[in-house]
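Chain by chain, the residues:
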Amino acid sequence: MCCLKKSRSFKYSILLVLFSTVAIEIIQLVMNYFYLGNRIFDIGDVILNTTGGLLGFALLSAITPILRKTEI
């Protein structure tokens, strides 16, 4: 249960999205350096993915009380 409460934290969720997005972008940068694909590092992807994580967290936070009321 402690992990479930921790994952509902706003700060934890945003940092998780941010770090995973940056990790993927760094992998793309390394792949491009070694000619393993035609991928580029783009800061716009980091910003948009983090914003999407923020919106997803907000949506989950808004829907969770509604879903709890409808449980039997």
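Up top you'll find the structure we're talking about.
Criteria and thresholds
- Residues numbered from 1 in each chain as written.
- Predicted model: local features only at pLDDT ≥ 70, side-chain atom pairs only at ≥ 80, totals over all residues.
- Heavy atoms only, no water.
- Helix = DSSP H or I, 4+ residues; strand = E, 2+ residues; numbered from the N terminus.
- Expected span 1.5 Å × (residues − 1).
- Buried < 20%, exposed > 50% of the residue type's maximum accessible area, 1.4 Å probe, protein only.
- Lys, Arg positive; Asp, Glu negative; His and termini not counted.
- Salt bridge = Lys/Arg side-chain N within 4 Å of Asp/Glu carboxyl O.
- Contact = heavy atoms within 4.5 Å.
- Phe/Tyr/Trp six-rings, centres within 6.5 Å; stacked < 30°, edge-to-face > 60°.

## Brief notes about unusual backbone geometry
Not every positive phi belongs to a glycine, and Tyr35 is a case in point at roughly 55°. Within the secondary structure, Tyr35 is located in the loop between helix H2 (10-33) and helix H3 (43-70).

## A look at H2
The end-to-end C-alpha distance of H2, which contains 24 residues, comes to 35 Å, matching closely the 34 Å that a straight helix rising 1.5 Å per residue would cover. By the burial criterion, the buried members of H2 are Ser13, Ile14, Thr21, Glu25 and Gln28. At the exit of H2 stands Tyr35, carrying a positive phi of roughly 55°.

## Brief notes about the side chain of Glu25
By secondary structure assignment, the location of Glu25 is in helix H2. Although Glu25 is buried, it forms no salt bridge, and the closest oppositely charged side chain is Arg39 at an N-O distance of 6.7 Å. Apart from the residues lying within four places of it in its own chain, the contact partners of Glu25 are Ile40, Phe41, Asp42, Asp45 and Val46.

## Examining H3
Side chains of residues three or four places apart in an α-helix project in the same direction, reflecting 3.6 residues per turn. Between its first and last C-alpha atoms H3 spans 41 Å; for 28 residues at 1.5 Å apiece the expected length is 40 Å, and the two agree. Its buried side turned inward, H3 meets H2.

## Considerations on the packing of aromatic side chains
In total, this model carries two aromatic pairs according to the counting rule given. On the basis of an interplanar angle of 85° and a centroid distance of 4.9 Å, the ring pair of Tyr33 and Phe34 is categorised as edge-to-face. You can call Tyr33 exposed: its relative accessible area is 61%.

These results come straight from atomic positions and should not be treated as a statement about function.
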